[in-house]
Amino acid sequence: MKKTSALLLSGAVLAVSVLSGCGQGAEKQEASGESGQKNVTLKYYNWDNEVMGATTKALIDQFQAKYPNIKVESVPLVPGNSVETLKKLDVTMSSGEQIDLVLFPSIDETLARAAQGVLAPLDDMYAKENVKPEDEYYVNPKYKGKNYAAMYQRSNWIVLLNQKALEEANLPVPELGWTWDDFREYAKKLTKGEGNSKRYGAYFHNWGDYANPILFNEKRNPFLKEDGTTQFDDPSMLSFFNLRRAMEKEDKSTTPFADVVGAKLAYRTEFFNEKAAMLVTGSWMVADSADVTKYPHNFKVAFAPVPRSSKDAELGQTSIGGQFISVAAGSKYKEEAYQFIRFVTTNTSDAKKELSGWKKADDKKIIEGTIAKSKDLFNTDSLDKALFDKRIHAPAPSEVVAPYAPQLKKVLEDGFSSFILDGKSAEDAQKQMVDQANKVIKENSKK
């Protein structure tokens, strides 16, 4: 998911060190302007695609109009791909390039780097501005009692559906409370055609979040129980793995995982090109659905809440993830970088296209503005229910903080791959994941 997969409010932790910052020409930026203020250039690393980049540019333009002595250079490393961006970012940062600001796709990635000592704590700057972060943001990544990022955007898990395909199959838009078994039945009925013209009922991407969404949506922490032991012995590991195999092998209603990995499929392309009728994803896809220039499509998009594990599971539990902006520990311009963070995270202009991480933002107004130009391509009633139904909530916040969560996510990804690609049984795959997770936990408990 632009996700990966993050996980806020539930305290969950997702993926992807070294942030140092000097870089050539840094000293040249310190010439004073006419006002006597130091002129500086900040480098802001992210994974902006064209849609996200347009928002970033608008926000930077507004910021620079208010702070003319501070120039911000956006550096999208791998546009549209946060996972690959983080891999490339590590290499870039270790090379000594100037790095001042970094966007992270999840709380886990933020905490992982906070633990490595490569991010600057924001507490002194918050105090100087008399800001209480818990009053400002939905989630505040903390490591050893200090705040290391401000929440930029938040994202709910949702399901995007092709309205035209639903009507062809005579299916209503799913309502809050539907289950993964219902999802399977929908996928079977929405599957159509054969060969290159086939439309699968559903698409699951290769991120760990999709290996078992039940852990991410219904557990306080997808990787660890509150006693610090692995979550991978949960019964849902067997039930969801077997559901995925049945959908792919028996029903043939979901894009084969081998194709997802081997062909490096893009989830946006599969959905908007009508190769899949349902896509489990994050609410950032609302903005992408509105951009018909970048993602041309002529069908109306419907939205549904994420399914629950069973009819007995708590109603409305949904993973709510987020993006976080941090200041690099090696930045020479921490005060200026903090000014930028506060400006963009609390911005309420029309430049914003996604749900805000700032508690005081009007999210309904933001979404209305996002879809305004393409409103006829949205099932607006279903969108409102999927995003703003008051019964939708995250699991209780976890007390477990694990900066090594990206390692556990890799265990989950590898375990699912061996299950679905190598024909391993769900029981054997689960044992493999439990054993590997226990090793990771043990190794990190010594640090």
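In the annotation of an unreviewed UniProt entry, the protein chain is listed under the name ABC transporter substrate-binding protein and assigned to Paenibacillus oleatilyticus.

Undergrad: Looking at this structure, how should I read the overall build of the protein chain?
TA: Helix and strand content of the protein chain: 17 helices and nine strands. What you see for the protein chain is a C-alpha radius of gyration of 22 Å, in line with the 22 Å of a compact globule of 447 residues. Considered along the principal axes of its C-alpha atoms, the protein chain spans approximately 70 × 55 × 40 Å. Put simply, the protein chain has 447 residues, and 59% of those count as buried. Taking the 60 positively charged and 61 negatively charged side chains of the protein chain as two groups, their mean positions are separated by 1 Å.

Undergrad: I would appreciate a short explanation of the side chain of Ser155 in the present structure.
TA: By the element assignment, Ser155 lies in strand E6 (residues 150–162). Assessed through its relative accessible area of 11%, Ser155 is described here as buried. Those residues in contact with Ser155 that sit more than four places away from it in its chain are Ser283, Trp284, Ser319, Ile320, Gly321 and Gly322.

Undergrad: What should I look at first to understand the packing of aromatic side chains in this one?
TA: All told, the structure shown has 25 aromatic pairs when counted by the stated rule. For the ring pair Trp207 and Tyr210, a centre distance of 6.2 Å and an interplane angle of 35° mean the geometry is tilted. Its relative accessible area of 10% is what places Trp207 among the buried residues. Owing to a relative accessible area of 1%, Tyr210 belongs among the buried residues under this scheme. Between Phe257 and Phe416, the aromatic rings sit 5.2 Å apart at their centres with planes inclined by 85°, giving edge-to-face as the arrangement. With Phe257 in helix H10 (residues 257–262) and Phe416 in helix H16 (residues 405–422), this pair connects stretches of sequence that are 159 residues apart. Of the residues examined, Phe416 reaches a relative accessible area of 3% and is grouped as buried. Each residue in the set Trp178, Trp180, Phe183, Tyr186, Phe204 and Phe240 is aromatic and connected to the rest through ring pairs, giving one cluster.

Undergrad: I tried to follow the environment of Lys334 on my own but got confused; where do I start?
TA: Within the element layout of this structure, Lys334 appears in helix H13 (residues 334–345). Counting along the chain gives 209 residues from Lys334 to Met125, while the straight-line C-alpha distance between them is 9.1 Å. In this view, Lys334 contacts Ala120, Met125, Val327, Ala328 and Ala329; residues no more than four positions away in its chain are not counted.

Undergrad: Just to check I follow, could you spell out the pattern of salt bridges for this structure?
TA: Think of it this way: side chains of opposite charge can pair up when their charged atoms draw near. Summed over all chains, the structure comprises 29 salt bridges. Note that Arg342 is salt-bridged to Glu136, the shortest N-O span being 3.1 Å. Placement of the pair is Arg342 in helix H13 and Glu136 in helix H5 (residues 133–136), with a sequence separation of 206 residues. Classification of Arg342 by relative accessible area gives buried; the value is 12%. Across the salt bridge formed by Lys431 and Asp435, the nearest N and O atoms sit 2.9 Å from each other. With Lys431 and Asp435 both in helix H17 (residues 426–445) and four residues apart, the pair spans about one turn of that helix. Residue classification places Asp435 among the partly exposed residues on the basis of a relative accessible area of 34%.

Undergrad: Is there a simple way to think about the pairing of strand E9 (residues 320–327) in this case?
TA: It is a general feature of regular strands that their side chains alternate between the two faces of the sheet. The element E9 is largely enclosed, with a buried count of eight among its eight residues. Of the two faces of E9, the one carrying Ile320, Gly322, Phe324 and Ser326 and the one carrying Gly321, Gln323, Ile325 and Val327 are both buried. The pairing of strand E3 (residues 101–104) with E9 spans four bridges and is classified as antiparallel. Among the inter-strand pairings, Val102 is bridged to a residue of E9, identified as Ser326.

Undergrad: Would you take a moment to explain the nonpolar core for this structure?
TA: Of all hydrophobic cores here, the largest spans 80 residues; its most connected members are Trp180, Phe183, Phe232, Phe241, Met278 and Phe303. Excluding residues within four positions of it along the chain, Phe241 makes contact with Ala211, Ser236, Gly415, Phe416, Phe419, Ala426, Ala429 and Met433. Grouped together as the second largest cluster of nonpolar side chains are 54 residues, Met52, Phe63, Leu122 and Phe340 included.

Undergrad: Explain the confidence of the model for the protein chain to me, please; I cannot follow it from the model alone.
TA: Detailed reading of predicted coordinates is not advised where the pLDDT is low. Considering every residue of the protein chain, the mean pLDDT works out to 90; 92% of them sit at 70 or more. In this model, residues 1–35 is a region of pLDDT below 50 whose contacts with residues beyond four sequence positions or in other chains number 164 contacts.

Undergrad: Help me understand the packing of helix H7 (residues 180–190) against helix H9 (residues 236–251), please; the structure alone is not making it clear to me.
TA: Angle between the axes and distance between the axes are the two parameters that describe a pair of packed helices. Where H7 contacts H9, the axes come no closer than 11 Å and their chain directions differ by 10°. It follows that H7 is roughly parallel to H9 by the angle criterion. Of the residues in H9, those in contact with Trp180, Asp181, Phe183, Arg184, Ala187 and Lys188 of H7 are Phe240, Leu243, Ala246, Met247, Glu250 and Asp251. Its residues assigned to classes, the contact of H7 with H9 comprises seven nonpolar, no polar and five charged.

Undergrad: Is there a simple way to explain H7 in this structure?
TA: Structural remark: α-helix, 3.6 residues per turn; residues separated by three or four positions point the same way. Taken residue by residue, H7 has Trp180, Phe183, Tyr186, Ala187 and Leu190 as its buried positions. For H7, the buried positions fall inside an angular range of 105° around the axis, keeping them on one side. Along H7, exposed side chains directed more than 90 degrees from the buried face belong to Asp181 and Lys189. Buried residues belonging to H7 abut E6, helix H6 (163–168), helix H8 (213–218), H9 and strand E7 (278–282). The N-cap of H7, judged by a side-chain oxygen 3.3 Å from the amide nitrogen of Asp181 a few residues on, is Thr179.

What counts, and where the lines are drawn
- Residues numbered from 1 in each chain as written.
- Predicted model: local features only at pLDDT ≥ 70, side-chain atom pairs only at ≥ 80, totals over all residues.
- Heavy atoms only, no water.
- Helix = DSSP H or I, 4+ residues; strand = E, 2+ residues; numbered from the N terminus.
- Rg over C-alpha atoms; globule rule 2.2 N^0.38 Å.
- Buried < 20%, exposed > 50% of the residue type's maximum accessible area, 1.4 Å probe, protein only.
- Lys, Arg positive; Asp, Glu negative; His and termini not counted.
- Charge placed at Lys NZ, Arg CZ, Asp CG, Glu CD.
- Contact = heavy atoms within 4.5 Å.
- Phe/Tyr/Trp six-rings, centres within 6.5 Å; stacked < 30°, edge-to-face > 60°.
- Salt bridge = Lys/Arg side-chain N within 4 Å of Asp/Glu carboxyl O.
- Pairing = 2+ DSSP bridges.
- Core = buried A, V, L, I, M, F, W, Y, C linked by side-chain atoms within 4.5 Å.
- pLDDT = per-residue confidence, 0-100.
- Axes fitted to C-alpha atoms, helices over the stretch in contact; angles between N-to-C directions.
- Parallel < 35°, antiparallel > 145°, perpendicular 65-115°, else oblique.
- Nonpolar A, V, L, I, M, F, W, Y, C, P; charged D, E, K, R; others polar.
- Arc of directions from axis to C-beta.
- Polar contact = N/O pair within 3.5 Å; in protein donor to acceptor, adjacent residues only side chain to side chain.

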